[in-house]
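# Understanding the architecture of this molecule
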Amino acid sequence: MEGIRRAAVTYYENLPEEKKRYARFIFDEMDENRDGQIDLDEYVEYLKKDNNTVFTDPSMFRALDKDGDGSLDFEETITLYYIMESGRALFCKTCNTFLAEVYFSCFQCFCLDESASTYDLCCDCYGGKKFTDHHDDAIFCDNYTLLGKSRSLALEAPVQKRREVLEKIETIVQVAGLVVGCAAIASSCGCSIM
Ligand SMILES: [Ca+2]
Ligand SMILES: [Ca+2]
Ligand SMILES: [Zn+2]
Ligand SMILES: [Zn+2]
């Protein structure tokens, strides 16, 4: 979770003022009794209203609660905000744990089959082969390898097609307000995103 937390803080720091205000607005909306902290009830209640029930599992709340005091302060909720805005909400298909660190994903479902959703597994479930209902020829890669493979595949595509995909990505990224955030994260950890 630490990596995501750091990414979230960097993302937030680089947000335009108006988006920062929006993050604060969401926090105030969640904080029903206005004590400056989000307890588990407030958290679950808000996410249910927002139809975001993938996050309502108490294990997610505990993962967000960095100092373990049983409630979320504003900084701790920034991580949630980041996960929601960046579409980084990935859960293990078998045990439903939030995939905060390295995870494994079926390469075919990720890259080749547009109609399928991604099939992601935590290290424990993949390592322990605790999954049974997936197609036999599945090749699993960890998320870093997957990113590298996607690059090779993307480069193989005709230039025109690549431009189309890039334009699509740009639109999504702009909607999520991620442009500045990505660049900042890339420079802060010394690696490049694309
Ligand atoms: Ca509260
Ligand atoms: Ca806390
Ligand atoms: Zn799992
Ligand atoms: Zn698959």
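Numbers given for residues are sequential positions, taken from 1 along each chain in its written order. In the order they appear in the text, chains get letters beginning with A and ligands get numbers beginning with 1. Selection of residues for local features in this predicted model requires a pLDDT of at least 70, selection of side-chain atom pairs for listing and counting requires 80 or more, and totals for whole chains, interfaces and linings are taken over all residues. Side-chain measures here rest on the full set of heavy atoms in the structure, leaving out hydrogens and waters.

As recorded in an unreviewed UniProt entry, the protein chain goes by EF-hand domain-containing protein and comes from Populus trichocarpa.

## Points about the coordination of the zinc ion (ligand 3)
Metal sites are built from N, O and S donor atoms within 2.8 Å, or 3.2 Å for Na, K and Ca, and they leave out water, so they may look incomplete. For the zinc ion (ligand 3), the full set of protein donor atoms is Cys92 (SG), Cys95 (SG), Cys122 (SG) and Cys125 (SG), and the range of their distances to it is 2.3 to 2.4 Å. Only four donors with every angle between 85 and 135 degrees are called tetrahedral; only four or six donors with opposite donors over 155 degrees apart and all others between 65 and 115 are called square planar or octahedral, in that order; all others are irregular. For the zinc ion (ligand 3), the four donor atoms in the first shell make angles of 103 to 115 degrees at the metal, so the coordination geometry reads as tetrahedral. Take Cys95: its relative accessible area is 37%, and that puts it in the partly exposed class. With a 1.4 Å probe rolled over the protein chains alone, any residue whose accessible area is under 20% of its type maximum counts as buried; one over 50% counts as exposed, and the rest are partly exposed.

## Section: the coordination of the calcium ion (ligand 1)
The protein atoms donating to the calcium ion (ligand 1) are Asp31 (OD), Asn33 (OD1), Asp35 (OD), Gln37 (O), Glu42 (OE) and Glu42 (OE), with metal-donor distances spanning 2.2 to 2.5 Å. Considering all six donor atoms around the calcium ion (ligand 1), angles at the metal cover 54 to 156 degrees and the coordination shape is irregular.

## Considering the UniProt feature "domain: EF-hand" (unreviewed entry) in the protein chain
UniProt positions are given in the numbering used here, feature names are shortened, and annotations may be inferred rather than shown by experiment. In the UniProt entry, the feature "domain: EF-hand" (unreviewed entry) is given for residues 18-53 and 60-87. Strands here are runs of E lasting at least two residues and helices are runs of H or I lasting at least four, both read from the DSSP assignment and numbered beginning at the N terminus. Along residues 18-53, the helical share is 64% and the strand share 6%, with 27 Å between the first and last C-alpha atoms. Spanning residues 60-87, this segment combines 64% helix with 7% strand, and its end C-alpha atoms are found 15 Å apart.

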